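Structure assessment
Listed below, chain by chain, are the residues.
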Amino acid sequence: MKENLVMKIFKSHLVEGTLKPGNDIGLRVDETLLQDATGTMAALQFEAIGIPRIKVKRAFTFVDHNMLQTGFQNADDHRFLQTFSNKYGLYFSKPGNGICHQVYLERFSKPGIVLLGADSHTPNAGATGMIAIGAGGLDVAVAMAGRPYYTKMPAVVHVKLTGRLKPWVASKDIMLELLRRLTVKGGVGKVFEFGGEGVKTLSVPERATIANLGAELGTTTSIFPSDQRVLEYFKLQKRDKDYKPFTADPDAEYDEVVEIALDKLTPLVARPSMPDKAVPITEEEGKDVRQVCIGSCNNSSYDDLMLVGAMLKGKKVHPDVSLTVTPGSKQVFEMVAASGALQHMIGAGARILEAACGPCIGMGQAPPSGSVSIRTMNRNFLGRSGTPDDRVYLASPYVAAACALKGRIYDPRRLGSKLPVIRKAKSFIIDDSNIIKPSGKPGKVVVEKGPNIKPLPLRGELEDAITSVILIKVGDNITTDHIMPAGARVLPYRSNIPAISDFVFYNIDREFPKRAKQSGGGIIVGGGNYGQGSSREHAALAPMFLGVKAVMAKSYARIHRSNLINFGIIPLIIRDQAAFDSIEQGDTIVMENIREHIKKDDRMSVSIKNRDKTIEVYLDTNARERKILLSGGLLNMIKQEA
Ligand code: MIC
Ligand code: SF4
């Protein structure tokens, strides 16, 4: 059989199951990635597993999210992660070295390997022909301990690109177009493998923007072939030795095909407040813009910032606009400085931020109330910027720079046929001194934990009967940002579950934590694609801490569903719309013989006590998931097995 690229890598890493779409499989993991906001929990979980050293080929910890040090908390977390990495065998990328996905792409990515990362944009590395999957921190901790990663075999979609992008149209627009067509649920249970003649026209950074945004479609991951363009990139990084050609067989078979004619695309923007609300920019032109933020792991490469520098050269940012620029890595920062592009940005009036996630995760730069902020990022969920009534648009660097100059939403094609001139780099500045190798004498290293790092909460055994109240009922596409917000105020509590649990559903219902505590826990009811977006397991862990026993939703996003199971929260499915409509916040749900139902994975009739009626819910779990639920969570299961 003619094999696609995904099949080739999955086949060489398969340790359990068969590679049919929808089947449960276990994959050998070569490398793992942690970042500081998900990493502290993953580190505590790895410690709880109790092995002396990581068992993957290479593991990495990056500090890039929790960068504002307004108190001791974030600095303590950084020190914890550095000493943890040193002891257990992980490379540690210091604060200031850059965003995990950008640095990993530059310095470590390798065709043909499998990376598991505690961050939903881990697929960014798929730009160099590897399988890079985002997961919850506990799944990554378990992989670090040498165990396989379990997931469902995704269907492989061939995204066939033809032609070449027109001037002022960027690789970002390819994904905004896919999001427009397929929505934020469109990639669930799928891997997008990019191919076709058009792929050759795209550089590695352009491909990374695409693979990164695949997360917004809900895909398991996205991948590009490892071809001449990858070799070109590795040469610039002085890593030619890491290159190997790796492509699908000619006439490879796929489960689905999607075609995009690159020359037909025009600049798009995603309207507030969902990445799939993409429309041609012409529909939004003229609206006043108060802020422009260029950066995030989606568009902060050397090429992106050189383009912005060229567009701003000799010009001034509009008086009503605050423009921020966040380089993706120390390498990018140094290179744009050396090239002069940084000076063009500063001269134009840009505010230059450190190489980190920054505004993307609400670590500063909240826009003014109700105003339009144009961002080259991947997520525009309501309130993520830090301003509750924000109006964040997602757009390419071309669009962002044009809007910054004009003070309104402005189609960059109006800037004329003269494209910005960008000096291509002949080689990149290579300096890995901010990446600290693990200690050769781990026995001597003491892991330092500050007072904000609280012990890991564990769930007790799964009960056999639950009588619980519905604490909240929400609609479709609820993100983990809605469930557990991030931002400068909340992120410092990522290693303190009792403190962070006070912010569960903060932007939807401020009374939720209080209500949960008063009722001694309860149940959450969600719509379709519940828990999409960020991989943060705090969106499961904090509700668990508040006593949430089950979620009843129409369907789940992949990572959040696994996180719920990992922490012993039962992800029940409501298939019938009438049943969904018939339940409300405040209803009392009675579930009986739960353990028996889970063992059999069958339909469960739950009664709604106050309404004197029953509804049917479903489990749809595999044997391993049932075992985890029955053990009261994955860590409990691992301890029992040991
Ligand atoms: C995000 O982009 O939402 C984050 C912050 O990087 C998250 C991880 C986190 O919440 O720490 C993600 O994408 O998984
Ligand atoms: Fe950081 Fe934003 Fe990328 Fe998440 S999406 S890793 S917050 S830059």
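Residues numbered from 1 in each chain as written. Chains lettered and ligands numbered in written order. Predicted model: local features only at pLDDT ≥ 70, side-chain atom pairs only at ≥ 80, totals over all residues. Heavy atoms only, no water.

1. Looking at the sheet that holds strand β6 (residues 114-117)
Read across the open sheet, the six strands follow the order β7-β6-β3-β4-β5-β20; overall the sheet is mixed. A strand with exactly one partner marks an edge of an open sheet, and here the two such strands are β7 (131-134) and β20 (435-436). Bridge count for β6 against β7 is four bridges, and the pairing is parallel. Paired with V114 across the two strands is I131, which belongs to β7. Along the sheet face, helix α2 (residues 36-49) touches β3 (31-35) and β4 (58-62) and points at about 115 degrees away from the line of β3. Packed onto the sheet, helix α4 (residues 100-107) meets β3, β4, β6 and β20 and runs at close to 145 degrees relative to β3. (Pairing = 2+ DSSP bridges. Helix = DSSP H or I, 4+ residues; strand = E, 2+ residues; numbered from the N terminus. Contact = heavy atoms within 4.5 Å. Axes fitted to C-alpha atoms, helices over the stretch in contact; angles between N-to-C directions.)

2. Thoughts on the pattern of salt bridges
Considering all chains together, one arrives at 42 salt bridges under this definition. Among the ionic pairs, R611 bridges to D587, the shortest N-O distance being 2.8 Å. Of this pair, R611 sits in the loop between β26 (604-608) and β27 (613-617) while D587 sits in the loop between α19 (577-581) and β25 (588-591); the two residues are 24 residues apart in sequence, bridging distant segments of the chain. In this structure D587 comes out as buried when scored by relative accessible area, which is 2%. Several salt bridges share partner residues, and in doing so they unite R271, E283, E284 and K287 into one network. (Salt bridge = Lys/Arg side-chain N within 4 Å of Asp/Glu carboxyl O. Buried < 20%, exposed > 50% of the residue type's maximum accessible area, 1.4 Å probe, protein only.)

3. Observations regarding helix α9 (residues 302-312)
With nine of eleven residues buried, α9 lies mostly within the body of the structure. Taken together, the buried positions of α9 are Y302, D304, L305, M306, L307, V308, G309, M311 and L312. Each element contacted by the buried residues of α9 is listed here: β15 (291-294), β16 (322-325), α10 (330-339), α11 (341-348) and α12 (397-406). Directly after α9, the chain includes G314, whose backbone phi takes a positive value near 75 degrees.

4. So, the site of ligand 1
By nearness alone, 14 residues border ligand 1, and D119, S120, R494, S535 and R536 come closest of all. Between ligand 1 and H65, the relevant distance is 2.8 Å, taken from an oxygen atom to a side-chain nitrogen or oxygen of the residue. Contacts to ligand 1 include D119, whose side-chain N or O atom sits 2.7 Å from an oxygen atom. For ligand 1, the protein covers 97% of the area, taking 340 Å² as the surface of the free molecule. Under a 2 Å grid-point criterion requiring more than half of the atoms, the pocket assigned to ligand 1 is the largest cavity. Of the residues contributing to the shell around ligand 1, the split by class is two nonpolar, seven polar and five charged. (Near = heavy atom within 4 Å. Polar contact = N/O pair within 3.5 Å; in protein donor to acceptor, adjacent residues only side chain to side chain. Areas by Shrake-Rupley, 256 points an atom, 1.4 Å probe, with all protein chains shown as cover. 1 Å grid on protein atoms, 1.4 Å probe; cavity = no way out; pocket = protein on both sides within 12 Å on 5 of 7 lines; lining within 4 Å. Sits in = over half its atoms within 2 Å of the grid points. Nonpolar A, V, L, I, M, F, W, Y, C, P; charged D, E, K, R; others polar.)

5. Examining the pairing of strand β9 (residues 155-162)
Counting buried residues in β9 gives six out of eight residues, a clear majority hidden from the surface. Examined bridge by bridge, β9 and strand β10 (residues 190-195) share six bridges and lie parallel to one another. Considered in β10, the bridge of H158 is made with E193. For the handedness criterion, the β-α-β arrangement of β9, helix α6 (residues 171-182) and β10 is classed as right-handed. Direction of pairing for β9 relative to strand β12 (residues 256-261): parallel, over a ladder of six bridges. Each bridged residue has a counterpart across the sheet, and for L161 the counterpart in β12 is I260. (Right-handed = clockwise from strand over helix to strand, strands pointing away.)

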